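Chain by chain, the residues:
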Amino acid sequence: MKYRMIGTDPKTRREVSVLALGAMLFGSLTDEKTSFAVLDRYVEAGGTFIDTSDNYAFWVDGSQGGQSEALLGRWRRSRGIGDEIVIATKLGARPLAPGTSYTDNAEGLSAKVIREAADRSRELLGVERLDLLYAHIEDRTVALEETVEGFAGLVAEGSVGLLGVSNHAAWRVERARALAAAAGLPGYEVLQYQHSHLRPRTDVPDALFEHGSLGGATPDLLSYLRAEPDLTLVAYSPLLGGAYVREDKPLPADYDHPGTAARLAVLREVAKETGASVNQVVLAWQIGGTLPVVPLAGASSVAQLEENLAAVDLELTPDQRARLDAAH
């Protein structure tokens, strides 16, 4: 395994493995025995960075979520896991009532919710301090100052370490960070956005994003990341849910544009040259790039995890990397 540092403050920064493990479906679609086996193998291989959220996976059974955090708590206790493993969670997108969703009834990012949700996550996970806590989705009904101060208060009291943000417009991330800096408060240091080798259209509106998606690592966000060396991007869904390699998993509709074919072609060329899978090339491309990117990949079996782990040691040549970067 290889490692990189996230965060800057010596009191809260953490060294984490360059490949993060997504626990979204653990405890729901992925049963406890399989989830524990994947987690055990990940740690055995040197993995130290696990991701969840307080709303995972509410859509499976119409609940409010919490299954993933609860399973991770049981796993931690049964294995004697301490603070050597960094567990990141998120708040803001938990449905306020069963049978609803974050698109119409999200908990939001008020100071009250931030405190209550963080306390609930700490209890489920069985930890005294959340290593990394994200603002999961935007809440434009609450002043950014209230959200910034709410998160900073948890850091000040020691119940949260690092702060992160996901699925926000880049300008709101910058504004929140500027507000925190001006007030001498800790701000967001980890960005979690969807990012892969293929590039989706971002102009297609949906129930959450009326002007087009804010959930992807757009050129605007990537240029912001390059300009702010203290930030790290955690790239969720880097393997597009298996769509790169599974015929039964078509690419999402927002990848249906002319640039996709060219980038798929070069991915397959490099995979053939290296003897690796397309999935492994995607992960290696992210891990070894010039931007600080930590791919966040889920796994529903140990075999899937093994394939992902092998990408950590896949070294792409400068020529292969240049071709992957330039394809369009």
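Quantities reported herein were computed from a predicted structural model and do not represent experimental measurements. Here, residues in each chain are numbered from 1, in the same order as that chain's written sequence. Where totals are concerned, whole chains, interfaces and linings use all residues; where local detail is concerned, this predicted model gives features only for residues with pLDDT of at least 70, and gives and counts side-chain atom pairs only at 80 or more. Hydrogens and water are ignored here; the side-chain numbers use all heavy atoms of the structure.

## A few points about the packing of aromatic side chains
Move 1: Each Phe, Tyr or Trp ring (for Trp, its six-membered ring) is paired with any other whose centre lies within 6.5 Å, and the angle between the two planes then decides the class: stacked below 30 degrees, edge-to-face above 60, tilted in between. The full count for this structure, using the stated rule, is 4 aromatic pairs.
Move 2: Ring plane angle 85° and centroid distance 5.9 Å describe the contact between Phe-58 and Tyr-102, whose orientation is recorded as edge-to-face. One end of the pair, Phe-58, is in helix α2 (residues 58-61); the other, Tyr-102, is in helix α4 (residues 102-105), with 44 residues separating them in the sequence.
Move 3: Residue burial is assigned from relative accessible area. The probe radius is 1.4 Å, only protein chains are included, and a residue is buried under 20% of its type maximum, exposed over 50%, and partly exposed in between. What makes Tyr-102 partly exposed here is its relative accessible area of 32%.
Move 4: Between Phe-151 and Tyr-188 the ring centres are 6.1 Å apart and the planes differ by 70°, which places this aromatic pair in the edge-to-face class. You can see Phe-151 sitting in helix α6 (residues 144-157) and its partner Tyr-188 sitting in the loop between α7 (170-182) and β8 (190-194), a full 37 residues away along the chain. Across the pair, exposure class does not vary: Phe-151 and Tyr-188 are buried alike.
Move 5: Members of the aromatic cluster, connected to one another through ring pairs, are Tyr-56, Phe-58, Trp-59 and Tyr-102. Helix and strand labels come from DSSP, where a helix needs a run of H or I of at least four residues and a strand needs a run of E of at least two; each type is numbered from the N terminus.

## Observations concerning the nonpolar core
Move 1: Throughout, nonpolar core names a set of buried Ala, Val, Leu, Ile, Met, Phe, Trp, Tyr and Cys residues whose side chains join them through atoms within 4.5 Å. In this structure, Phe-49, Ile-50, Phe-151 and Leu-191 are the most contacted members of the largest nonpolar core, which totals 93 residues.
Move 2: Each residue touching Leu-191, except ones within four places of it in the same chain, is listed here: Tyr-134, Val-165, Val-173, Leu-221, Leu-225, Leu-231, Thr-232, Leu-233 and Val-234. Any two residues having at least one pair of non-hydrogen atoms within 4.5 Å are treated as being in contact.

## A closer look at the side chain of His-197
Move 1: With respect to the secondary-structure elements, His-197 resides in the loop between β8 and α8 (219-227).
Move 2: Judged by its relative accessible area of 0%, His-197 is buried.
Move 3: Think of a polar contact as two N or O atoms within 3.5 Å of one another; within protein, one of them needs to be a possible hydrogen donor and the other a possible acceptor, and neighboring residues in sequence only count if both atoms come from side chains. In this structure the side chain of His-197 is engaged in a polar contact, spanning 2.8 Å, whose partner is the backbone oxygen of Leu-324.
Move 4: Leave out the neighbours within four places in its chain, and His-197 touches Tyr-244, Arg-263, Val-266, Leu-267, Val-282, Trp-285 and Leu-324.

## A closer look at the pattern of salt bridges
Move 1: The salt bridge criterion pairs a side-chain nitrogen of Lys or Arg with a carboxyl oxygen of Asp or Glu, the two atoms within 4 Å. Using the criterion set out here, one finds 21 salt bridges in the structure.
Move 2: The partner of Arg-41 in a salt bridge is Glu-44, and the shortest N-O contact between them spans 3.0 Å. In this pair, Arg-41 and Glu-44 are both assigned in helix α1 (residues 32-44), 3 residues apart and thus about one turn of the helix distant.
Move 3: On the basis of relative accessible area, Arg-41 is assigned to the partly exposed category, the value being 23%.
Move 4: When its relative accessible area of 62% is taken as the criterion, Glu-44 is described as exposed.
Move 5: When the shortest N-O distance is used, the salt bridge between Asp-248 and Arg-246 registers 2.7 Å.
Move 6: Since its relative accessible area comes to 54%, Asp-248 is described here as exposed.
Move 7: Classification of Arg-246 by relative accessible area gives partly exposed; the value is 35%.

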